[in-house]
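Structural description and commentary
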Amino acid sequence: MAEQASSDWIECDGSGCPVSDLARVQVQFRADRDRKTAERMSGADGNVAHAYSDSWVHPATSEAAADIVACRVVA
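Because the structure is a prediction, the values reported are computed rather than measured.

As a further point, take the overall build of the protein. A tally of regular secondary structure across the protein gives 1 helix and 4 strands. Shown N-terminal to C-terminal, the secondary structure of the protein runs as helices and strands in the order β-β-α-β-β. Here the protein has a C-alpha radius of gyration of 11 Å; the compact-globule value for 75 residues is 11 Å, and the two agree. The C-alpha extent of the protein, read off along each of the three principal axes, is 30 × 25 × 20 Å. Counting the 75 residues in the protein, one finds 37% classified as buried. Put simply, 71% of the contacts in the protein that link residues at least 6 apart link residues at least 24 apart. With the model as given, the accessible surface of the protein reaches about 4,600 Å², and the carbon-plus-sulfur share is 51%. The protein carries 7 positive and 12 negative side-chain charges, and their two centres are separated by 8 Å.

This is the structure:
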């Protein structure tokens, strides 16, 4: 299933990647101050979701800077 680009951010709760592994996404890490920072750091074209495999799953109590807390499909 192909993902459709969206201007909407998807909240991520640490239970896994909410989109296809091949979707190009921008991600917001816990360490990012805000979504504008996340957009800038991810780049306009984003990266394939599977490139962040270690950051999608984390316990609810985690405070690791590399945890993904939101994402947006860009292609």
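Once the structure has been displayed, the description carries forward.
Taken together, the 4 strands give an open sheet; going across it, the order is E1-E4-E2-E3, and neighbouring strands pair in antiparallel fashion. Two strands in the sheet have a free side with no partner beyond their single neighbour: strand E1 (10-11) and strand E3 (47-48). As defined by bridge partners, strand E2 (residues 24-29) adjoins E3 across 2 bridges and the pair is classed as antiparallel. Counted as the bridge partner of arginine 24 is valine 48 from E3. Helix H1 (residues 35-42) rests against E1, E2, E3 and strand E4 (68-73) of the sheet, and its axis sits at about 130° to E2.

This next bit is on the pairing of E4. Among the 6 residues of E4, 6 are classified as buried, and the element is accordingly described as predominantly covered. Strand direction decides the pairing type here: E1 and E4, joined by 2 bridges, are antiparallel. Each bridged residue has a counterpart across the sheet, and for glutamate 11 the counterpart in E4 is alanine 70. Where E2 and E4 come together, 5 bridges link them in antiparallel fashion.

The rules behind each value
- Per chain, residue numbering runs from 1 following the sequence as it is written.
- Local features are withheld for residues below a pLDDT of 70 in this predicted model, meaning they are given only at 70 or higher, and side-chain atom pairs are given and counted only at 80 or more; totals for whole chains, interfaces and linings count all residues.
- The basis for the side-chain values is all heavy atoms of the structure; hydrogens and waters are excluded.
- Helix and strand labels come from DSSP, where a helix needs a run of H or I of at least four residues and a strand needs a run of E of at least two; each type is numbered from the N terminus.
- The globule rule is 2.2 Å times the number of residues to the power 0.38, and the radius of gyration it is compared with is taken over C-alpha atoms.
- Relative accessible area decides the class of each residue, using a 1.4 Å probe on protein chains only: under 20% of the type maximum gives buried, over 50% gives exposed, and in between gives partly exposed.
- Contacts: residue pairs with any heavy atoms within 4.5 Å of one another.
- Here the accessible surface of atoms and residues is derived via Shrake-Rupley with a 1.4 Å probe, and residues count as covered only by protein chains that are part of the display.
- Positive charges are assigned to Lys and Arg, negative charges to Asp and Glu, while His and the chain termini are left out of the count.
- Where a charge lies is defined by one atom per residue type: Lys uses NZ, Arg uses CZ, Asp uses CG and Glu uses CD.
- For two strands to be treated as a pair, DSSP must find no fewer than two bridges joining them.
- A fitted line through C-alpha atoms represents every axis, and for helices the fit uses only the stretch in contact; the resulting angles, taken between N-to-C directions, go from 0 to 180 degrees.

These values are about where atoms sit, not about what they do.
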